[in-house]
Amino acid sequence: MTKMNNLEKADIDKWALKLKEYLSDEGDPRALDDDFINARAESAGNEFEFQRSHGMTVDQAEECSYQVLFNDLQ
């Protein structure tokens with residue numbers, strides 16, 4: 001993970017928590033895989049920042065981030 005400020009870390013933690021909750025609720029063993037969760041969370045956070053920097057609203061950017069976070073999990 002690259003060096004990031006506290007706000008960026010909080011955002012990554014938010015995505016990680018959402019993914020961990022989802023995986024736990026589904027009984028998915030990846031809920032215990034911190035490397036998997038953190039990699040997905042970082043990708044979702046990067047997607048959010050990318051979409052915001054390209055003019056999307058917060059809601060639109062979050063939707064794109066959810067797509068990255070939950071892609072191919074079912």
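A. Representation of the overall build of the protein within the structure. The helix and strand inventory of the protein stands at three helices and zero strands. Secondary structure of the protein in N-to-C order comes out as α-α-α. Counted over contacts in the protein with a minimum sequence separation of 6, partners at least 24 positions apart contribute 54%. With an accessible surface of roughly 5,100 Å², the protein has 49% of that area assigned to carbon and sulfur atoms.

B. Summary view of the nonpolar core. Among the nonpolar cores identified, the biggest contains 14 residues, and Trp15, Leu19, Leu23, Phe36 and Ile37 are the most heavily contacted of them. Residue assignment for this core shows that the elements contributing at least two residues are α1 (6-25), α2 (34-53) and α3 (58-70). With sequence-adjacent residues up to four places away left out, Phe36 is seen in contact with Leu19, Leu23, Arg30 and Leu73.

C. Summary view of the pattern of salt bridges. On inspection of all chains with the given rule, the structure shows three salt bridges. The partner of Glu62 in a salt bridge is Lys14, with the nearest N and O atoms 3.4 Å apart. Taken together, the residues span a long stretch of sequence, with Glu62 in helix α3 and Lys14 in helix α1 at a distance of 48 residues.

D. Structural detail: the side chain of Arg40. Within the secondary structure, Arg40 sits in helix α2. This buried residue, Arg40, is left without a salt bridge; Asp72 holds the nearest opposite charge, at 5.9 Å. Those residues in contact with Arg40 that lie beyond four places of it in its chain are Leu19, Val68, Leu69, Phe70, Asn71 and Leu73.

Analysis parameters
- Residues numbered from 1 in each chain as written.
- Predicted model: local features only at pLDDT ≥ 70, side-chain atom pairs only at ≥ 80, totals over all residues.
- Heavy atoms only, no water.
- Helix = DSSP H or I, 4+ residues; strand = E, 2+ residues; numbered from the N terminus.
- Contact = heavy atoms within 4.5 Å.
- Areas by Shrake-Rupley, 256 points an atom, 1.4 Å probe, with all protein chains shown as cover.
- Core = buried A, V, L, I, M, F, W, Y, C linked by side-chain atoms within 4.5 Å.
- Buried < 20%, exposed > 50% of the residue type's maximum accessible area, 1.4 Å probe, protein only.
- Salt bridge = Lys/Arg side-chain N within 4 Å of Asp/Glu carboxyl O.
- Lys, Arg positive; Asp, Glu negative; His and termini not counted.

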